[in-house]
Amino acid sequence: MTRIARRVAAWAAIALSCGALPCAAPVRAETPASYTPVAANLAAREWFQDAKFGIFLHWGLYSELGGSGSPGLAEWIMQENKIPAAKYERLARFFNPTKFDADAWVRSFKDAGARYIVITSKHHDGFAMFDSKVSPYNVVKATPFARDPIAELAAACRRQGVKLFFYYSQLDWHHPDYFPRGRTGHTTGRPEAGDWDRYLDYQDAQLRELLTQYGPIGGIWFDGWWDQEETPLRDRWRIERTYRLIHALQPAALIVNNHHHAPFPGEDYQTFERDLPGQNTMGYSGTATIGRLPLEMSETMNGSWGFNLVDDKFKSPETLIRTLAGAAGRNANLLLNTGPMPNGEIQPENLATLHTIGAWLKTNGQSIYGTRGGPVPPGDWGVTTQRGKTVYVHLMREHGGRIALPMTAKVASARLLDGGAPVTVAARRGAVELSGLPPLGDGWDQIVELRMR
């Protein structure tokens, strides 16, 4: 066990003995009980569905390595390059993002049209990007930076009216009590022993800190449950207790878990990793039945979640705006990721793209914000969104000036959202036909506003 690992265990024991958490429940395989959300939680879900666009931030010690020249590596580099925990700890000595400016970050994201931010408070490497009292393995105590970026970001979000969510990895490649191992973490050099329930106590103690040290937050974004999916520990996560803790401390905080399944009781919305709901091009959503809760899709701006020095395959603004509209048409949000650089700055290529998205939303945001999936299922031509008696038809493929929508509702009027030019509308054999449309040309998303009778 390394020096920091020993201190982690000691701090966790101190926290528990001081009453940071109630006594651990007996170990048992458990299925979460049903969950009845309170009014504040239901209101937060409604807000979340209206928000439609968030920014994801993967930032940590791994950012310093920048993928080590491999375009496929970033936040998983400890695992993929088989770096022992004792060696990986050295990265903390050099983490000093002096260019970090929380207000500048939030301002850029707000100008891009984002309504919420999700930041990695602890990723799979186990390093806390906040001032954790139950672990010295954190950005304040273990780095020359010696500041709490989560606290600064939370304050900036409050000043600028943006909600802040915390990503938290249930999986931990560093903590000595994360044992038995799951799919990952077998090359970290930790002893092949540990106390699983003590690790869960440590996890809940850190969650308590995140929920009590930074004011009201948007929610907790979990990842890593899948690491134990093929082991007996699949049913020993004690998620019912953990979720109850979160809802008790902040009833309006939303819980989501990136476990690639339909939501478990206690979760408040469902997320899809790098696929729109109903798609499975990345292979993560094969078992993810779409539930009835609010939906979200997370996507990268290039191929990496964390900062990668050589990954310059940045998605175009056209692709990302169509993804945003495609998500809205499927009743989902888009959570768009950027990996901040180790000096604390956002990649300039990503800032340029975010600026373009923000400009597009200033013109077309009424067809995205506050809408729900429209009356026509998504197709190769595009999607529909709806707010009240207004339907927005998002045309994202060339249409030859005419398109028939399989809907029977009566349309009072139709016009192009950009410019307001009228569009001819007629009922045709159980469909609504729009005609006289100008060519799509280089347009990314031609939007027709339908006023329904």
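Being a predicted model, the structure only gives us computed values, none of them experimental.

Here the focus is unusual backbone geometry. The linkage connecting Phe179 with the following residue, Pro180, adopts the cis geometry, with an omega of 5°. In the Ramachandran plot, Lys52 falls in the positive-phi region, its phi being about 70° despite a non-glycine side chain. The topology assignment puts Lys52 in the loop between α2 (39-51) and β1 (53-57). The residue Ser68 is not glycine, and still its phi comes out positive at about 50°. Relative to the helices and strands, Ser68 is located in the loop between β1 and α3 (77-80).

Below, the discussion takes up the environment of Ala114. Relative to the helices and strands, Ala114 is located in the loop between α5 (102-111) and β2 (116-122). Look at Ala114 and you get buried, because its relative accessible area is 4%. Non-local contacts of Ala114, meaning those with residues more than four positions away in its chain, are made with Phe53, Gly54, Ile55 and Phe109.

In this section: the sheet that holds strand β12 (residues 402-405). Read across the open sheet, the three strands follow the order β12-β15-β14; overall the sheet is antiparallel. Each end of this open sheet is capped by a strand with a single partner; those strands are β12 and β14 (424-428). Within this sheet the neighbouring strands show an average axis-to-axis angle of 20°, counted without direction. Here β14 runs beside strand β15 (residues 431-435); their pairing, made up of five bridges, is antiparallel. When the sheet's bridge partners are listed, Thr424 is paired in β15 with Ser435.

What follows is about the confidence of the model for the chain. Averaged over the chain, the pLDDT score is 92; the fraction of residues at 70 or greater is 92%. Within the model, the stretch residues 1-30 combines pLDDT values under 50 with 54 contacts to residues more than four positions away or in other chains.

With that settled, consider the packing of helix α7 (residues 196-212) against helix α8 (residues 239-249). As a packed pair, α7 and α8 sit with axes 10 Å apart at the nearest point and diverge in direction by 15°. By the angle class used here, α7 and α8 are roughly parallel. Where α7 crosses over α8, the two elements pack in a sense that is right-handed. Counted together, Asp201, Gln203, Asp204, Leu207, Arg208, Leu211 and Thr212 of α7 and Arg241, Thr242, Leu245, Ile246 and Leu249 of α8 form the full contact between these two elements. Grouping the amino acids of the contact of α7 with α8 by side-chain chemistry returns five nonpolar, three polar and four charged.

As a further point, take helix α6 (residues 149-160). The α-helix winds at 3.6 residues per turn, so residues separated by three or four positions along the chain end up facing the same way. Between its terminal C-alpha atoms α6 stretches 16 Å, which fits the 16 Å expected from 12 residues at 1.5 Å a residue. Among the residues of α6, Pro149, Ile150, Leu153, Ala154, Ala155, Ala156, Cys157 and Gln160 are the ones counted as buried. Among the structural elements, β1, α5, β2 and β3 (163-169) are those in contact with the buried residues of α6. Its side-chain oxygen 3.0 Å from the backbone nitrogen of Ile150, Asp148 forms the N-cap of α6. Following α6 by one or two positions, Gly161 adopts a phi angle in the positive range, close to 70°.

Another aspect to go through is the layout of surface pockets. Volume-wise, the largest pocket comes out at about 600 Å³. Along its surface, the largest pocket is lined by 32 residues, and Trp76, Trp226, Glu273, Tyr284 and Trp305 are the ones closest to its centre. Among the residues forming the lining of the largest pocket, the class breakdown is 11 nonpolar, 14 polar and seven charged. Of the pockets and cavities examined, the second largest pocket occupies roughly 360 Å³. Along its surface, the second largest pocket is lined by 18 residues, and Leu276, Gln279, Arg322, Thr323 and Arg397 are the ones closest to its centre. At the level of secondary structure, the elements contributing two or more residues to the lining of the second largest pocket comprise β7 (295-300), α9 (317-329) and β10 (382-387). For the lining of the second largest pocket, the leading source of residues is α9, giving five residues. Its residues assigned to classes, the lining of the second largest pocket comprises four nonpolar, six polar and eight charged.

Turning our eyes to something else, we now look at the side chain of Asn302. One can find Asn302 in the loop between β7 and α9. In this view, Asn302 contacts Arg274, Asp311, Lys313, Phe314 and Lys315; residues no more than four positions away in its chain are not counted.

Cut-offs used in this document
- Residues numbered from 1 in each chain as written.
- Predicted model: local features only at pLDDT ≥ 70, side-chain atom pairs only at ≥ 80, totals over all residues.
- Heavy atoms only, no water.
- Helix = DSSP H or I, 4+ residues; strand = E, 2+ residues; numbered from the N terminus.
- Buried < 20%, exposed > 50% of the residue type's maximum accessible area, 1.4 Å probe, protein only.
- Contact = heavy atoms within 4.5 Å.
- Pairing = 2+ DSSP bridges.
- Axes fitted to C-alpha atoms, helices over the stretch in contact; angles between N-to-C directions.
- pLDDT = per-residue confidence, 0-100.
- Parallel < 35°, antiparallel > 145°, perpendicular 65-115°, else oblique.
- Left-handed = near helix turned anticlockwise from the far one by under 90°.
- Nonpolar A, V, L, I, M, F, W, Y, C, P; charged D, E, K, R; others polar.
- Expected span 1.5 Å × (residues − 1).
- Polar contact = N/O pair within 3.5 Å; in protein donor to acceptor, adjacent residues only side chain to side chain.
- 1 Å grid on protein atoms, 1.4 Å probe; cavity = no way out; pocket = protein on both sides within 12 Å on 5 of 7 lines; lining within 4 Å.
- Points joined across faces, edges and corners; volume = space filled by probe spheres on them.

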